[in-house]
Amino acid sequence: MPVADIVPLARIPVQDVEKLLDTAFGTDRFGRTAYRLRKGTRPIPELSFATIDETGALIGTIQCWPVKLVDDAGNQTPMVMLGPVAVEPALQQGGIGRAMMRATLDAWEKLNLPTLMMIGDPEYYGRFFDFTAEDTGAWVIDGPVERRRLLARAHPGVTIPHSGEILPRTD
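In every chain, residue numbers begin from 1 and rise along the written sequence. Per-residue local features are limited, in this predicted model, to residues with pLDDT of at least 70; the limit for side-chain atom pairs, both in listing and counting, is 80 or more; totals at the level of whole chains, interfaces and linings are taken over all residues. Side-chain numbers come from the whole structure's heavy atoms, not from hydrogens or water.

**Q** Explain the pairing of strand E2 (residues 49-53) here, please?
**A** Along any regular strand the residues' side chains alternate between the sheet's two faces. Relative accessibility under 20% of the residue-type maximum defines a buried residue, over 50% an exposed one, and the middle range a partly exposed one, all with a 1.4 Å probe and only protein chains included. Starting at the N terminus, helices and strands are each numbered in turn, a helix being any DSSP run of H or I of at least four residues and a strand any DSSP run of E of at least two. With 5 of 5 residues buried, E2 is to be regarded as a mostly interior element. Covered by surrounding structure in E2 are Phe-49, Thr-51 and Asp-53 together with Ala-50 and Ile-52, the residues of both alternating faces. Two strands qualify as a pair provided that DSSP identifies no fewer than 2 bridges between them. Counting the residues between successive antiparallel strands, the hairpin from E2 to strand E3 (residues 58-70) contains 4 residues, one of them, Gly-56, with a positive phi of roughly 90°.

Printed below as a string of structure tokens:
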């Protein structure tokens, strides 16, 4: 990994974050299912980070968003949606994303925040960060998603609800 610092995302100008996200995911990224799930919300500052290189240039971001799982009876379970995790394409697979994930997970554990959920590669996020699709198979989401990519991670002893609809949490 190049010499870099992980800093709160709030220190980075929004236009720099958007430019990196466009570079990493394309300008059509707004049509993705994950964007529907965080519509009308703001990133959770304590869990959202940026990586800057030795010159101060933005080379990575990770964001987390407030969502909820609402079951058929209307019961709401607060959750945190992790992602996107974006790294400057030329620097991908150099450990930047992994370092930002670790920073986010450390903060999540320290603050004892609600269950994490994400749409991501189960082989990677399961192997390195203990995310699983074991409890998410009956979740309803507004938009297409490969079921195996719908992942969750809870604190030890916390049960992940097996059914319900994931919605933005704007309260």
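**Q** What's the story with the pairing of strand E4 (residues 76-87) in this structure? I'm lost.
**A** Burial of E4 is extensive: 9 of the 12 residues sit out of reach of the surface. Two strands pair when backbone bridges link them, and E3 and E4 are joined in this way by 10 bridges, in the antiparallel orientation. Looking at E4, one finds that Lys-68 is bridged to Pro-78. Here E3 folds back onto E4 in antiparallel fashion, the turn holding 5 residues, of which Gly-74 has a positive phi close to 90°. Where E4 meets strand E5 (residues 116-119), 2 bridges bridge the pair, whose relative direction is parallel. Across the sheet, the residue bridging to Met-81 is Met-117, located in E5.

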